[in-house]
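Secondary and tertiary structure notes
Now for the letters of each chain:
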Amino acid sequence: MSNHHQHEVVIVGAGGAGLMAALYASRGADTAVISKLYPTRSHTGAAQGGIGAALGNLEKDTVEWHTYDTVKGSDYLGDQDSIEFMAKEAIPVVYELEHMGLPFSRTEDGRIAQRPFGGHMNKETNKPVTRAAYAADRTGHMILQTLYQQCVKNEVNFYDEFQVLDLIVEDGKTAGVVAVDLSTGELHTYHAKSVIFATGGHGRVWEVTSNAYAYTGDGVAIAARKGIPMEDMEFFQFHPTGIKKLGILITEGVRGEGGVLINGEGERLMDKYAPNAKDLASRDVVSRAMYIEAREGRGVNKEKHMYLDVTPEVVNKYAKSDGRTNPDGTPYVTTAEEILTKLPDIIDFCRTYLGIDPVKQPMPVQPTAHYAMGGIPTNVYGEVVIDEKNTIMPGFYAAGEVACVSVHGANRLGTNSLLDIVVFGKQAGKKAAEYSKNNKYPSFPDDAKENTQKQVDHILNSDGSESAADIGKEMKSVMMDHVGVFRTEEGMAKAVEKIRELKERYQKVGVTDKGKVFNTELLNVWELGCLLDSAEITAVSALARKESRGAHAREDYPKRDDKTWLKHTLAWMNDDGIKLGYKDVQLGKYEPKERVY
Amino acid sequence: MDISLKVFRYNPEAGRTKPAYDTYLLNGVDPTDRILDLLEEVKDYHDGTLSFRRSCAHGVCGSDAMRINGVNRLACKALVQDLNSNSITVEPILGLKVIKDLIVDMKPFFDSYKSVMPFMINDDIPEDGKERLQSIADRERFDDTTKCILCAACTTSCPTFWSDDKYVGPAAIVNAHRFIFDTRDQAAEERLNILNDESGVFRCRTAFNCTEACPREIHVTQAVAEVKQAIVSGVIK
């Protein structure tokens, strides 16, 4: 195989967004997907609870309600035109997944099953609405498998286990990427008309996380190094229910099925913090409540964690006191057997990692770093927009967690990430193919590999006086302590200073493995560099925002300040640090108001 | 607790042309640590050249199937306390060519997967554009085989596969089963024909290793038997 390739559309990343983009792009253009993992290893497969769409299979639901819930969930920072676009596209795209063969769970009448999820409400009953279409508690696994199956069927080109290290830009136009073939260590160049980044998030910046090892912010770092700004990076979601210490995700679907959070004193804690939605308030609200409870000494055994209880007795007790009913109006009553059918993987995780049986015992849980609301700025067609005026960068697209459309604003609702990847993956794929039909290949520089080779050589030739593992641990710890669920001026300033010190020390990290074949040590070090860039942009963006909104909760500025801060952050990374700018939020019919659940 | 971790090493590029084992003494190991945590500890602080695949670290991505004390498991799903021993041996899965340390060539495995047409064949879409209907019971019929994460633990535990790498292997059969028994699919016959050839399902000698190896607790041997039955009887039920 030659080390130089040409494809009209090159997609980086093979999770849900990348594969959906590939299916659409390959219909109209010569397309290739480059992924550092085998596609089926992608992190989409870890998503559990469901994909949001107002199908209304069990009760009345509307696109308008879905739009409103997402706007409110975003703490009014999401762009309302984009959110409406996504809520509308949700319905056909979920049917499309079913047509592709996705094995959704079913209702009694054979339709796609749906369950309630945090922040999604029925505006008539003022109770949580059944909007999350699901396949047991492995909806993401099924989406990933189904999309990969369709790619196999359609003979999409894959470069599996190739790690993209650089984006090539010529005269302001996207011209391709540089990647390393992990199995040989050889650098490959890809000449393209369009490049789509679908590289996922950067949750490995934090100590306790639900994210895969592979979630190292590669897309953010590569784009930022090319002078592309990152949008709203201060907004990073902490999911309320990660397994204690390990951070492994326990789906919100558990609470959708009636599970409740209980503090160390045996009380249901969400009564106090969200009197109406209770355990199904949005994630930022629930995570903060758990933090406050722990800080005030009401954690389990006075520790940091709470209990998530889905034993049938407890579920039925609270369902009764909440007046929860089935779609036909009868009281909601569940059984251990029903829970096992609806949440089999969660039961398995708990048995494996905690040695407990969730239908008999409560699960110890704590908030876990989960999802990047921010990322590469795009419009609804996946086109990357690079300034305050939303100027489009020709040929560059982003979709999925790495992108910021922005539909999630300051806080994402559960089920909207699986929706985001398929809706915007599809748009990006279509648009990239269309662009490649209307444009010639841009010129491709002879020295395209040089920047990458320099980075690799620097690591290989470093004196190795610093340890990558130590730097990684220090980064995770400072980000967890100071740029986590609650934040202060002092803490964040400390974090920024620490990350900069770590970036200095990173220059002296070396590797003992000097080989070419599967040099995973070299790759880990390179990924650490991406994490440090992601951490710095996050901390600097956060420090500047002097208000509390969604997932960005400041103890020194506890109120949302729409007058000054109803705007998106843009952060440019350059040689002497991070430069900040801001752009308008697209408002619409929903006027910002206080957010109560 | 202290653990003696013995790891298979092979790296021709660095002159380690003969398979051998390195042993690492790890102190202060928590019984609830995953075997993956131990491998990460070795890579971070003992030997950075040790190479293995991993990603999700909680048993859903399928990257880190290995032989752990002689049994195929995911390194991220096997806890130290599950092994009831202070000596732990980690080796690559068998039957696929070792490239470096615990990394094997997965291409033949994915080629077998692709050979069974692992995708829905049905272009009939309801006129209203909505979902095709399927009963809860019909959906349940193939639920077990939808769980597969393509980790290769089953196929590489199969004695038939060890002796004949042409055998399509249990993972591919599981993925064919997932469509054959899905009432929405229209290509069962083609898949059954593919699996009826000499490298297909009748090579299975019912050793049951695959079922024991599956980290997703799929009843692999049963799925294989159901496919055999469908071929013999010509009936899919």
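Residues numbered from 1 in each chain as written. Chains lettered and ligands numbered in written order. Predicted model: local features only at pLDDT ≥ 70, side-chain atom pairs only at ≥ 80, totals over all residues. Heavy atoms only, no water.

**So, the nonpolar core**
In terms of nonpolar packing, the biggest core is built from 139 residues, with A:Ile51, B:Leu5, B:Ile35, B:Ile88 and B:Leu195 touching the most fellow members. Residue contributions to this core reach at least three from each of two domains, namely domain 1 (3-104) and domain 2 (107-233) of chain B. In this structure A:Ile51 touches A:Val94, A:Leu97, A:Phe104, A:Arg131, A:Ala132, A:Ala133, A:Thr139, A:Ile143, A:Thr415, A:Leu418, A:Leu419 and A:Val422, once residues within four positions along its chain are discounted. Membership of the second largest hydrophobic core comes to 79 residues, among which are A:Val208, A:Ala372, A:Ala403 and A:Leu460. (Core = buried A, V, L, I, M, F, W, Y, C linked by side-chain atoms within 4.5 Å. Buried < 20%, exposed > 50% of the residue type's maximum accessible area, 1.4 Å probe, protein only. Domains from an automatic or database assignment. Contact = heavy atoms within 4.5 Å.)

**Focus on helix α6 (residues 170-180) of chain B**
The buried fraction of α6(B) amounts to 11 of the 11 residues, a majority that puts the element mostly inside the structure. Restricting attention to buried positions, one finds in α6(B) the residues B:Pro170, B:Ala171, B:Ala172, B:Ile173, B:Val174, B:Asn175, B:Ala176, B:His177, B:Arg178, B:Phe179 and B:Ile180. (Helix = DSSP H or I, 4+ residues; strand = E, 2+ residues; numbered from the N terminus.)

**Observations regarding the domain arrangement of chain B**
Residues and elements named next belong to chain B. We note that the domain assignment places domain 1 (3-104) and domain 2 (107-233) within chain B. Computed from C-alpha atoms alone, the centre-to-centre distance between domain 1 and domain 2 is 29 Å. Each side of the interface is counted separately: domain 1 has 12 residues, and domain 2 has 14 residues. A combined buried area of about 1,000 Å² lies between domain 1 and domain 2, and 63% of that area is made up of carbon and sulfur atoms. Contact with domain 2 buries surface across domain 1, with Asn72, Leu94 and Leu96 losing the most and accounting together for 43% of the total. Taken together, domain 1 and domain 2 are joined by 0 salt bridges. (Buried area = accessible area lost by both parts, 1.4 Å probe. Salt bridge = Lys/Arg side-chain N within 4 Å of Asp/Glu carboxyl O.)

**What about the sheet that holds strand β15 (residues 306-309) of chain A?**
Residue and element names in this part refer to chain A. With antiparallel pairing, the 4 strands of this open sheet are ordered in space as β13-β16-β15-β14. Looking at which strands have only one partner, the edges of the open sheet turn out to be β13 (236-243) and β14 (260-262). Direction aside, neighbouring strands of the sheet carry axes that sit 45 degrees apart on average. Of the pairings in the sheet, the one linking β13 to strand β16 (residues 363-372) comprises 6 bridges and is antiparallel in character. Counted as the bridge partner of phenylalanine 238 is alanine 369 from β16. (Pairing = 2+ DSSP bridges. Axes fitted to C-alpha atoms, helices over the stretch in contact; angles between N-to-C directions.)

**Considerations on the environment of B:Gly129**
Note on placement: B:Gly129 falls in the loop between α2 (107-115) and α3 (136-141). When neighbours within four sequence positions are excluded, B:Gly129 is seen to be in contact with A:Tyr95 and A:His99.

**Structural notes on the side chain of B:Arg191**
Residue and element names in this part refer to chain B. Inspection of the secondary structure puts arginine 191 in helix α7 (residues 188-195). A distance of 3.5 Å separates a polar atom in the side chain of arginine 191 from the backbone oxygen of valine 116. A polar side-chain atom of arginine 191 sits 2.5 Å from a polar atom in the side chain of aspartate 185. The contacts of arginine 191, once residues within four sequence positions are left out, are Val116, Met117, Phe119, Ile121, Ala176, Phe179, Ile180 and Asp185. (Polar contact = N/O pair within 3.5 Å; in protein donor to acceptor, adjacent residues only side chain to side chain.)

**Structural notes on the interface of chain B and chain A**
Frequently, the measure chosen for interface size is the accessible area removed from exposure when the parts meet. With 64 residues of chain B in contact, the opposing surface of chain A contributes 58 residues. B:Lys100 is the salt-bridge partner of A:Asp513, the closest N and O atoms lying 2.7 Å from each other. At the junction of chain B and chain A, the tally comes to 34 residue pairs in polar contact (both at pLDDT 80 or more). Among the elements of the structure, α1 (35-45), β6 (98-100), α2, α3, α4 (143-146) and α6 of chain B are those that each provide at least two residues to the side of chain B that touches chain A. Among the elements that line the side of chain B that touches chain A, the one with the most residues is α1(B), at 5 residues. Residues belonging to the side of chain B that touches chain A are distributed by class as follows: 29 nonpolar, 13 polar and 22 charged. (Nonpolar A, V, L, I, M, F, W, Y, C, P; charged D, E, K, R; others polar.)

**Side note on unusual backbone geometry**
Note the cis peptide between A:Val405 and A:Ser406, where omega equals 5 degrees. With respect to the secondary-structure elements, A:Ser406 resides in the loop between β20 (403-404) and α12 (416-438). For A:Asp232, which is not a glycine, the phi torsion comes out positive at approximately 50 degrees. Along the polypeptide, A:Asp232 turns up in the loop between β12 (230-231) and β13. In this model, B:Thr206 sits at a positive phi of 55 degrees, which is unusual for a non-glycine residue. Tracing the sequence through the fold places B:Thr206 in the loop between α7 and α8 (209-213). Residue classification places B:Thr206 among the partly exposed positions, given a relative accessible area of 41%.

**Side note on the sheet that holds strand β4 (residues 71-74) of chain B**
Residue and element names in this part refer to chain B. Spatial strand order, β2-β1-β5-β3-β4: 5 strands in an open sheet with mixed pairing. Of all strands in the sheet, those with a lone pairing partner are β2 (16-26) and β4, marking the two edges. If you compare each strand with its neighbour and ignore which way they point, the axes differ by 30 degrees on average. Sheet topology places strand β3 (residues 65-68) next to β4; 4 bridges connect them, and they run antiparallel. Bridged to methionine 66 within β4 is arginine 73. Contacts between α1 and the sheet are confined to β1 (3-11), β2, β3 and β5 (87-91), with β1 contributing the most and set at about 65 degrees to the helix.

**What to know about the side chain of A:Gln237**
All names here are of chain A. Counting through the fold element by element, glutamine 237 comes out in strand β13. Here glutamine 237 falls in the buried class, since its relative accessible area comes to 1%. Side-chain polar atoms of glutamine 237 contact the side chain of asparagine 411, separated by 3.1 Å. Non-local contacts of glutamine 237, meaning those with residues more than four positions away in its chain, are made with Arg283, Thr368, Ala369, His370, Tyr371, Met373, Asn411, Arg412 and Ala551.

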